[in-house]
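Read off the chains here:
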Amino acid sequence: MRLYKGYSGSLEFNDEDMVFHGRVLGIRDIVTFEAESADELVKAFHDSVDDYLAFCKERGTEPQKPYSGKLALRTTPEIHALLSKAAANDGKSVNQWISDTLAEVAQKRVDDGSTKVRTRAH
């Protein structure tokens, strides 16, 4: 789903109930939405984000923000050395090289799967 106020959502289709189900991603709080059509789904997603933000404001708490930009990565010393060499070959820091490479691969995966909808049957 497209970002709305910085939030994104998952999407599943239940072919038994003929309903789309979704959840706001990247936060620990559980914020869900559902609809019977694509148009209704986008509205339900937006409404759920708006309701979540209003609920947090009412309670005087900060809403959780998705994706801080900080990502801890653990790997082997051999892979770390390999990453360092690849980054140096491209004239980049290891952090920048990993970020650029992950962005490229992730975008390709998203583009390749952009029309796929997961289905869930009971």
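The model shown is predicted, which means the values in this text are computed figures rather than measured ones.

What counts, and where the lines are drawn
Residues numbered from 1 in each chain as written. Predicted model: local features only at pLDDT ≥ 70, side-chain atom pairs only at ≥ 80, totals over all residues. Heavy atoms only, no water. pLDDT = per-residue confidence, 0-100. Helix = DSSP H or I, 4+ residues; strand = E, 2+ residues; numbered from the N terminus. Patch = residues over 30% accessible without salt bridge, like charges linked within 9 Å, V, L, I, M, F, W, Y side chains within 5 Å. Areas by Shrake-Rupley, 256 points an atom, 1.4 Å probe, with all protein chains shown as cover. Salt bridge = Lys/Arg side-chain N within 4 Å of Asp/Glu carboxyl O. Lys, Arg positive; Asp, Glu negative; His and termini not counted. Charge placed at Lys NZ, Arg CZ, Asp CG, Glu CD. Buried < 20%, exposed > 50% of the residue type's maximum accessible area, 1.4 Å probe, protein only.

The subject of this paragraph is the confidence of the model for the chain. Segments scoring low in pLDDT should not have their predicted coordinates read at a detailed level. Confidence along the chain averages 89 in pLDDT terms, with 93% of residues attaining 70 or more. Taken element by element, the predicted model of the chain shows its lowest mean pLDDT in strand β5 (residues 118-119) (60) and its highest in strand β4 (residues 32-35) (96).

Residues Asp-15, Glu-16, Asp-17, Glu-34, Glu-36, Asp-39 and Glu-40 make up a contiguous surface patch of negative charge. Relative accessible area serves as the criterion here: at 43%, Glu-40 is assigned to the partly exposed category.

Below, the discussion takes up the pattern of salt bridges. Taken as a whole and assessed by the stated rule, the structure comprises four salt bridges. A salt bridge links Asp-50 to Lys-5; the shortest N-O distance between them is 2.8 Å. With Asp-50 in helix α1 (residues 38-59) and Lys-5 in the segment before β1 (8-9), this pair connects stretches of sequence that are 45 residues apart. Of the charged contacts in the structure, one is a salt bridge between Lys-92 and Asp-100, with a shortest N-O distance of 2.6 Å. Using a relative accessible area of 33% as the deciding quantity, one classes Lys-92 as partly exposed.

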